[in-house]
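What follows is the residue order along each chain.
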Amino acid sequence: MSSRSSLAFATRARAATPGATPAVKRSLSSSASSSRRGGAVGAGARRGGGGKNAAFSSVLFSSSHSHRHRQHQHRMGRRGGENRGSIGRGFRGKMTTMASLSSSSSSTMQQNPDGFAQIDLFSPSKINLFLRIVRRREDGYHDLASLFHVIDLGDEMSFAKSSSETKDTLVCEDASIPLDESNLVIKALNLFRAKTGIKQYFWVELKKTVPSGAGLGGGSGNAATALYAANKLCGDVATEEELLEWSGDIGSDISVFFSTGAAYCTGRGEIVEDVEPPLPLTTKMCLVKPSIGLSTPTIFKALDLDKRSKAEPLDLLKSLNADGCTYENAINDLERPAFSKLPELGELKDKLIDATKEDGAVVFMSGSGSTIVLLGTDTVPKFAMEDDDLFKSKARLISRKKGEWFVPSNV
Ligand code: C5P
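Parameters and conventions
Residues numbered from 1 in each chain as written. Predicted model: local features only at pLDDT ≥ 70, side-chain atom pairs only at ≥ 80, totals over all residues. Helix = DSSP H or I, 4+ residues; strand = E, 2+ residues; numbered from the N terminus. Buried ≥ 20, exposed ≤ 12 C-beta atoms within 10 Å, placed from the backbone. Core = buried A, V, L, I, M, F, W, Y, C linked by C-beta atoms within 7 Å. Pairing = 2+ DSSP bridges. Near = placed C-beta within 6 Å. Nonpolar A, V, L, I, M, F, W, Y, C, P; charged D, E, K, R; others polar. Expected span 1.5 Å × (residues − 1). Contact = placed C-beta atoms within 7 Å. pLDDT = per-residue confidence, 0-100.

Engineer: How would you summarise the overall build of the chain if you had to cite specific residues and measurements?
Structural biologist: When its secondary structure is counted, the chain shows nine helices and 15 strands. Counting across all 411 residues of the chain, residues that qualify as buried make up 51%.

Dropping the structure here:
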């Protein structure tokens, strides 16, 4: 079987060394071993279509997190007198579409009641199908090699230009989300202004579904979506490649959201190389996360480099392409430090492996945790369903066309 990695473009965010070409540019043969201990998910089958125009899908089985968050006092509404939209108040769909601004089916551009163009976007998250840590760097970061895939567990975001000449306005009903400059959304808007020289402030509403401290890049997805939206509202002054490059300035895993969905990422994670999705987008998937989140710096610090996998990242990529997702290639070097910091998480993974054996699922941790991915099944095991402290969600791998933004799968 020949490699299906198209490697359409490779772009690195600004902070990385210029000029280097990631090794994956070499053509990939797919003679990877087919010996398997566990099941293989996705081998042989090919891509399904990510649904476009799907409404924000309600994929939660139950979310103690979201549920709890909704019990907090709502903080939506007019703050500081800035103009705002009215997502969630029967507004969407009633307004006239502004044809001159509406550029794709992945976003709705409308006029809000204050007369400003408003764009509503899905803000996706990601999983890591494998994650190898290559080395510890002098700047405290780690070089990694990982196959990231964007998924359709996501938040809803609305954006409009603000009349303020001094600040952005971020509203979010989830009281645990900071609304100040520490929020990656505000950092992204500051970055957009700094890079483009455009003195435009924005109103942003964020409706959270993606838990934090989850290894799902939820906040990074919000930042990428904010960069995309600000650029749209300002008339596409920057290219997507520029947005990708700039995004590396404010975080390591924002850049992946400017890929087309499946990306081989190196450097800190900000060197992004598009690959063809290695698994069908129809592949069943569930996410299970304990209520405790994990701090990425803490997990990286706890990593014992001597205890990493010895697998070559490019061999993992080949194997993923040839065999689908298996226990041989679903390797995450951060599992060991995460389980050492949170032993219950290792126990949860073991229980999930046991409970999904029959389904042929492959079970692994995403990013620095604490989300456990069940790839190959839609069924959350009974013990997990009955545990209200666990976040549970169905999810699907998604991709996008360049020039359009991500939308949830319609599967
Ligand atoms: O870049 P980002 O803000 O997402 O990283 C958060 C923290 O995670 C970093 O400060 C660093 O401690 C750790 N990290 C790392 N190596 C990476 C990415 C993140 O050590 N490649």
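Anyway, onward from the coordinates.
Engineer: Please give an account of the nonpolar core that cites residues and values.
Structural biologist: Val-185 and Leu-374 are the most contacted members of the largest nonpolar core, which has 100 residues in total. The element contributing the most residues to this core is strand S6 (residues 142-161), with ten residues.

Engineer: Explain the pairing of strand S7 (residues 169-172) to me, and be specific about the residues and the numbers.
Structural biologist: In S7, alternate side chains face the same way, and those of Thr-169 and Val-171 on one face and Leu-170 and Cys-172 on the other are all buried. Two elements, S7 and strand S8 (residues 202-207), share four bridges in a ladder whose sense is parallel. Residue pairing in the sheet places Cys-172 in a bridge with Leu-206 of S8.

Engineer: Go over the site of the ligand, please, and point to the residues and values.
Structural biologist: Surrounding the ligand, one finds Gly-140, Tyr-141, His-142, Leu-144, Gly-251, Ser-252, Asp-253, Arg-268, Gly-269, Thr-296, Pro-297 and Phe-300. The biggest single contributor to the shell around the ligand is helix H5 (residues 296-302), with three residues. Residues of the shell around the ligand, tallied by class, amount to four nonpolar, six polar and two charged.

Engineer: Give me the lowdown on helix H3 (residues 218-233), citing residues and values where you can.
Structural biologist: With 16 residues, H3 extends 22 Å between its outermost C-alpha atoms, agreeing within 8% with the 22 Å of an ideal straight helix rising 1.5 Å per residue. In terms of residue burial, H3 counts as a mostly covered element, since 16 of its 16 residues are buried. One or two residues past the end of H3 sits Gly-235, with phi positive at roughly 85°.

Engineer: Lay out the environment of Val-210 with the relevant residues and their values.
Structural biologist: Mapping Val-210 onto the fold places it in the loop between S8 and H3. Residue Val-210 is classed as buried on the basis of its 26 C-beta neighbours within 10 Å. Each C-alpha atom, one on Val-210 and one on Phe-391, is 9.7 Å from the other, the two residues being 181 residues apart in sequence. For Val-210, the contacting residues outside a window of four places in its chain are Ser-125, Leu-153, Gly-154, Asp-155, Leu-216 and Gly-218.

Engineer: Account for the confidence of the model for the chain, with residues named and values stated.
Structural biologist: Caution applies to low-pLDDT regions: their predicted coordinates should not be interpreted in detail. When pLDDT is averaged along the chain, the result is 80; 75% of the residues meet or exceed 70. A low-confidence stretch, residues 14-38 stays under pLDDT 50, and its non-local contacts, those more than four residues away or across chains, total 52 contacts. Low pLDDT, under 50, characterises residues 44-104; the predicted model gives this stretch 119 contacts beyond four residues in sequence or across chains.

Engineer: Explain unusual backbone geometry to me, and be specific about the residues and the numbers.
Structural biologist: At the junction of Gly-369 and Ser-370, the peptide bond is cis and its omega measures out at 15° in the coordinates. For Ser-370, the position within the fold is in the loop between strand S13 (362-365) and strand S14 (372-375). Phi is positive for Asp-236, close to 55°, though the residue is something other than glycine. The residue Asp-236 is located in the loop between H3 and helix H4 (240-247) in this model.

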